[in-house]
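This is what each chain is made of:
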Amino acid sequence: MTTLTPSPPPKPSRPKHPPMTADEAQAFDRFSVHNAAVLVEAAATRGCRCQPYVDWFTYDRWHALGRQVRRGEKSTRLPGFVPVRQKDEATGEDRIVGKRPWVSFVFYRCQTKDEQDE
Ligand SMILES: [Zn+2]
């Protein structure tokens, strides 16, 4: 009789939870109507109702929320901009001096699983 032995879990190469908190992972300082439309469309293609800014996060944000992106899942790319900050020599404060192109790679809830599950 053969017994299937599950392979041992891989050694964690980094702390289970990154410095980002679950609250931070769900907080957004920008909202893009265009990106939201892209995400609704992508979810509909898959046949689910995952909501923008609620069920869509980057890999790191999902990790902070205790969820793992399933193996083989493809991200959805969201082109956009991030603010460029510079220290104001006079006041010593960081202030936004412009923006630069940025691409976010996001996954929706149905592409993730609980980190505790196999
Ligand atoms: Zn979904």
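The structure this text deals with has already been given above.
Visitor: Which residues make up the pairing of strand E3 (residues 76-87), and what values go with them?
Guide: Burial within E3 is sparse, with just 1 of its 12 residues counted as buried. Relative to strand E4 (residues 94-108), E3 is paired through 12 bridges, and the arrangement is antiparallel. Note that in E4 the partner of Phe 81 across the bridge is Pro 101. Taking the residues between adjacent antiparallel strands as the criterion, E3 and E4 are bridged by 6 residues, where Gly 92 takes a positive phi near 80 degrees.

Visitor: So what's going on with the nonpolar core? Which residues, and what values?
Guide: Formed by Ala 25, Leu 39, Ala 43, Trp 56, Phe 57, Trp 62, Ala 64, Leu 65, Leu 78, Val 106, Phe 107 and Tyr 108, the largest nonpolar core amounts to 12 residues. When contributions to this core are tallied by element, the ones reaching two or more residues are helix H2 (33-46), strand E1 (56-58), helix H3 (59-64) and E4. Among the elements that take part in this core, E4 stands out by supplying 3 residues, more than any other. With sequence-adjacent residues up to four places away left out, Leu 78 is seen in contact with Asn 35, Val 38, Val 103, Ser 104 and Val 106.

Visitor: Lay out the sheet that holds E4 with the relevant residues and their values.
Guide: Across the sheet, which stays open at both edges, the 3 strands sit in the order E1-E4-E3 with antiparallel pairing between neighbours. Each of the sheet's edge strands pairs with one partner strand only, and the pair in question is E1 and E3. Averaged over all adjacent pairs, the angle separating strand axes in this sheet is 45 degrees, with direction ignored. In this sheet, E4 lies alongside E1 in antiparallel orientation, the contact comprising 3 bridges. Residue pairing for E4: Thr 58 is matched across the bridge by Val 106. Contacts between H2 and the sheet are confined to E1, E3 and E4, with E3 contributing the most and set at about 150 degrees to the helix.

Visitor: Summarise the environment of Cys 110; cite the residues concerned and give the values.
Guide: By the element assignment, Cys 110 lies in the loop between E4 and strand E5 (112-114). A residue is classified by how many C-beta atoms lie within 10 Å of it, and Cys 110, with 15 of them, is partly exposed. In sequence terms Cys 110 and Arg 46 are 64 residues apart; their C-alpha atoms lie 9.2 Å from each other. Once residues within four sequence positions are removed from consideration, Cys 110 is found in contact with Arg 46, Cys 48 and Cys 50.

Visitor: Residues and numbers for unusual backbone geometry, please.
Guide: Even without being glycine, Tyr 53 reaches a positive phi, approximately 65 degrees. Tracing the sequence through the fold places Tyr 53 in the loop between H2 and E1.

Visitor: Break down the environment of Lys 99 for me, with residues and values.
Guide: Position of Lys 99 relative to the elements: it lies in strand E4. For the pair Lys 99 and Val 84, spaced 15 residues apart in sequence, the C-alpha to C-alpha distance is 4.9 Å. Discounting chain neighbours no more than four positions away, the residues touching Lys 99 are Phe 81, Val 82, Pro 83 and Val 84.

Visitor: Break down H2 for me, with residues and values.
Guide: Its 14 residues give H2 an end-to-end C-alpha distance of 20 Å, which sits within 8% of 20 Å, the value for a rise of 1.5 Å per residue. Among the residues trailing H2, Gly 47 stands out with phi positive, at a value near 85 degrees.

The rules behind each value
- Within every chain, residues take consecutive numbers counted from 1 along the sequence as written.
- Reporting of local features is limited, given that this is a predicted model, to residues whose pLDDT is at least 70; pairs of side-chain atoms are given and counted only at 80 or more, and all residues count toward the totals for whole chains, interfaces and linings.
- Remark: C-beta atoms are placed from the backbone, and a residue is labelled buried if 20 or more other C-beta atoms sit within 10 Å of its own, exposed if 12 or fewer do, or partly exposed between those counts.
- Under the DSSP-based scheme used, a helix requires at least four consecutive residues in state H or I and a strand at least two consecutive residues in state E, with every element numbered from the N terminus.
- Paired strands, in this sense, are two strands between which DSSP finds at least two bridges.
- One nonpolar core equals one set of buried Ala, Val, Leu, Ile, Met, Phe, Trp, Tyr and Cys residues connected by C-beta atoms within 7 Å.
- By the convention adopted here, residues make contact when the C-beta atoms placed from their backbones lie within 7 Å.
- Between N-to-C directions, angles cover 0 to 180 degrees, with each direction set by a line fitted to C-alpha atoms, over the stretch in contact for helices.
- The length a helix should cover is 1.5 Å for every residue beyond the first.

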